[in-house]
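Understanding the architecture of this molecule
Okay, here's what each chain looks like letter by letter:
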Amino acid sequence: MASPKPSNRLGRSLIAAGFGPLASQAFAIALLPVLFRLYAPADFGIWAAIQAAAVTAGSLLSFRFDLGLVIERDSVAASDLFFAIVCVVCAVALVLGFLLVLSMGSLREFGIGPLPAALGWGWLALVGLGVACQAWLMREGAFAQISTGAVLNAIVANLVQLGGAVSGDGVWLVIGSVVGQAAATLFYARSVRHSAGAPLRPVNTRAMFAALASNRRFLQFSLPFTVLSLLRERAPIFIAGAFGTAAQVGLYSQAWRLTHLPSAFTSAALRPVFFHRAATEGLAAQGPAIDRIMRWLLVVSSPWIALLVFGGDTLFEIVLGPRWQGVGGLSAILVVPASLFMMTNWMDRLLDSIGRQDLNLKLEAVAAISSVGCLWVVLASGRSLPEAVALQSVALTLSYLAVLWICYGAAGWPTARLLKSFAVAGILGAAVSAVLTVLARFLEPVAVIALGVLLAGMISAFALLMARRELR
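Computed from a predicted model, the values in this text were never measured in an experiment.

**Re the overall build of the protein chain**
Counting its regular elements, the protein chain contains 19 helices and zero strands. Every one of the 472 residues in the protein chain was classed for burial, and the buried ones make up 52%. Intrachain contacts of the protein chain at a sequence separation of at least 6 include 84% that bridge at least 24 residues.

And the structure:
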């Protein structure tokens, strides 16, 4: 018997949740060639370090009680938990601000002055409040509002960064990001206030403490999971900085950022939708939809993997300019694990929905410790950054494949269709690589890359059209 197609509700939800991230990324990608010519790799290195610190701390301010808010079905309990999360975020942000003031002397030794430090603190506080508001909106299924906030963040941040480039000071990269986050957080807060599905009730201190206590499993399992996840994503920036220059950090951070742009989209589009569906309909029922989504993600990504591995340096030199030489090579190394991460970075919420936070924690611990450890060991031994990134990529690839296999097993979904999808994507990627190799014998590298982009774009467009038909 054929598996039922995803419902109209799923299609509408994915469009609502995915439109904002897709539009914001399209806007950011369109401006990348401009920003990368206005700011130097060293400027992006400093921005990446501050972003890593701010996003890491900001994502932890709620102690991950926000995850409990998404699956809380009782409106009264959800209101109590929301106010409790906001109070926790504000209290922890104030403590971190006090510690930051006490640490200014040490920070100056690393070249971080009062302005960057203050901007970083404001950034992390805004991220924490934004996480709380998004959790409420996610609970209500208000994916369109979450998407709109993502678009607002990208537009405001990039416009401020463009305007600030006139001054020639790289700090405007950070200022733009902070202003963009502020605009998005204010929009989320306004959306929560006007939430029609389940209005907030007055603050009740005793009920707030009870709500935190009843959701302590998220503090126990999900907080360490998030710490390890952020360690895997952000710690390599500090490790690269410890063994290299700011310019090298800029190259590595932007290679990571560019290859992980698709995963940011899938996380924003798929994570809230399937978290909401699994919490309300059960995890087993999501199997057919997951199989279809995995198939199209693999098909869409395979030609781009082939293109980056074939000529990443040429592609990025054309798009970003000659002073970004090297980012293409690092991107070619990172593209395989980044593509697998696009398929796994939202599955942790599926395991959350069935109370398997312990499994999430174990899987993330293996991925974080192995990948960060590989990077550190190779750099500490005096080897080059590309060599370290190559070993890091191997560790990440094996970890993400294990995540897929184990998540399918925990959910009770058969893996036959998943393996078939991997085989089809592998054949397609090999075919694209063969075509590019043949073209390289007759054409200049720039022409080969242009035709490769056209071919990959056509394949992706066809695959997305087919996926859209299935999601109707």
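**Digging into the pattern of salt bridges**
Taken as a whole, this structure holds six salt bridges when the rule is applied. Note that Arg 64 and Asp 66 form a salt bridge whose closest N and O atoms lie 2.6 Å from each other. Classification of Arg 64 as buried rests on a relative accessible area of 10%. Here Asp 66 falls in the buried class, since its relative accessible area comes to 4%. Across the pair Arg 383 and Glu 387 runs a salt bridge whose closest N-O atoms are separated by 2.8 Å. Classification of Arg 383 as partly exposed rests on a relative accessible area of 48%. The class of Glu 387 is partly exposed, set by a relative accessible area of 35%. If you follow the salt bridges from partner to partner, you end up with Arg 232, Glu 233 and Glu 364 in one network.

**Concerning the packing of aromatic side chains**
What characterises a pair of aromatic rings is the spacing of the ring centres plus the angle enclosed by the ring planes. For the structure on display, the rule yields 11 aromatic pairs. Geometrically, the ring pair formed by Tyr 408 and Trp 413 is edge-to-face, given 5.3 Å between the ring centres and 85° between the ring planes. Using a relative accessible area of 0% as the deciding quantity, one classes Tyr 408 as buried. One aromatic cluster is present, built from ring pairs that chain together Phe 36, Tyr 39, Phe 44, Trp 47 and Trp 324. Looking at Arg 139, its charged tip hangs above the ring of Trp 136, at a distance of 5.6 Å from the centre.

**Topic: unusual backbone geometry**
Phi is positive for Phe 63, close to 55°, though the residue is something other than glycine. Here Phe 63 shows up in the loop between helix H2 (41-60) and helix H3 (65-71). For Arg 64, which is not glycine, the phi dihedral falls at a positive 65°. Examined against the element boundaries, Arg 64 turns out to sit in the loop between H2 and H3.

**Details of the confidence of the model for the protein chain**
Chain-level pLDDT for the protein chain is 83 on average; 88% of the residues reach the 70-or-more range. For the protein chain, the element scoring lowest by mean pLDDT is helix H1 (residues 8-38), at 66; helix H8 (residues 171-193) scores highest, at 94. Below pLDDT 50 for its whole length, residues 1-8 participates in 15 contacts with residues either more than four positions away or in separate chains.

**Some points on helix H7 (residues 143-164)**
End to end, H7 covers 32 Å across 22 residues, agreeing with the expected 32 Å (1.5 Å per residue, within 8%). For H7, every residue scored as buried is listed here: Phe 143, Ile 146, Ser 147, Gly 149, Val 151, Asn 153, Ala 154, Val 156, Ala 157, Asn 158, Gln 161 and Gly 164.

**A look at the nonpolar core**
Membership of the largest hydrophobic core comes to 117 residues, with the highest contact counts inside it found for Ile 290, Met 294, Trp 346, Met 347 and Leu 350. The element that contributes the greatest number of residues to this core is helix H6 (residues 114-139), accounting for 13 residues.

**Re a nonpolar patch on the surface**
Together, Val 438, Phe 442, Leu 443, Leu 451, Leu 454 and Met 458 make up a nonpolar patch on the protein surface, roughly 600 Å² of accessible area in all. Sort the elements by how many residues they give to the nonpolar patch and helix H19 (residues 445-470) lands first, with three residues. For Leu 454, the location among the structural elements is in helix H19.

**Description of the packing of H2 against H8**
Between H2 and H8, the least distance of the axes is 8 Å, while the angle of their chain directions is 40°. Judged by the angle between their axes, H2 and H8 are oblique. You can see that H2 and H8 cross each other, and the crossing is right-handed. Between H2 and H8, the residues in contact are Asp 43, Phe 44, Trp 47 and Ile 50 and Leu 173, Val 174 and Ser 177, respectively. Looking at the contact of H2 with H8 residue by residue, the class counts come to five nonpolar, one polar and one charged.

**Regarding the environment of Ile 239**
For Ile 239, the position within the fold is in helix H10 (residues 216-243). When the C-alpha positions of Ile 239 and Gly 373 are compared, they lie 10.0 Å apart, and in sequence the two are 134 residues distant. If we skip the residues at most four places from it in the chain, Ile 239 touches Val 372, Leu 375, Trp 376 and Leu 379.

**A look at the side chain of Gln 254**
Along the chain, Gln 254 turns up in helix H11 (residues 246-259). Within the local environment of Gln 254, its side chain forms a polar contact with the side chain of Ser 253, the two groups lying 3.4 Å apart. Setting aside its immediate chain neighbours within four residues, Gln 254 contacts Phe 36, Phe 44, Trp 47, Trp 324 and Val 327.

**Some thoughts on helix H17 (residues 385-411)**
An ideal rise of 1.5 Å per residue puts 39 Å on 27 residues; H17 measures up with 38 Å between its terminal C-alpha atoms. Residue Gly 412 follows H17 closely and has a positive phi angle near 80°.

**Remarks on the packing of helix H13 (residues 287-320) against helix H18 (residues 416-440)**
It is the contact of H13 with H18, at a shortest axis distance of 8 Å, that shows an interaxial angle of 25°. With respect to H18, the axis of H13 lies roughly parallel. When you trace H13 past H18, the crossing you get is right-handed. Split into classes, the residues belonging to the contact of H13 with H18 amount to 15 nonpolar, five polar and three charged.

Rules used throughout
- Residues numbered from 1 in each chain as written.
- Predicted model: local features only at pLDDT ≥ 70, side-chain atom pairs only at ≥ 80, totals over all residues.
- Heavy atoms only, no water.
- Helix = DSSP H or I, 4+ residues; strand = E, 2+ residues; numbered from the N terminus.
- Buried < 20%, exposed > 50% of the residue type's maximum accessible area, 1.4 Å probe, protein only.
- Contact = heavy atoms within 4.5 Å.
- Salt bridge = Lys/Arg side-chain N within 4 Å of Asp/Glu carboxyl O.
- Phe/Tyr/Trp six-rings, centres within 6.5 Å; stacked < 30°, edge-to-face > 60°.
- Lys NZ or Arg CZ within 6 Å of the ring centre and 35° of its normal.
- pLDDT = per-residue confidence, 0-100.
- Expected span 1.5 Å × (residues − 1).
- Core = buried A, V, L, I, M, F, W, Y, C linked by side-chain atoms within 4.5 Å.
- Patch = residues over 30% accessible without salt bridge, like charges linked within 9 Å, V, L, I, M, F, W, Y side chains within 5 Å.
- Areas by Shrake-Rupley, 256 points an atom, 1.4 Å probe, with all protein chains shown as cover.
- Axes fitted to C-alpha atoms, helices over the stretch in contact; angles between N-to-C directions.
- Parallel < 35°, antiparallel > 145°, perpendicular 65-115°, else oblique.
- Left-handed = near helix turned anticlockwise from the far one by under 90°.
- Nonpolar A, V, L, I, M, F, W, Y, C, P; charged D, E, K, R; others polar.
- Polar contact = N/O pair within 3.5 Å; in protein donor to acceptor, adjacent residues only side chain to side chain.

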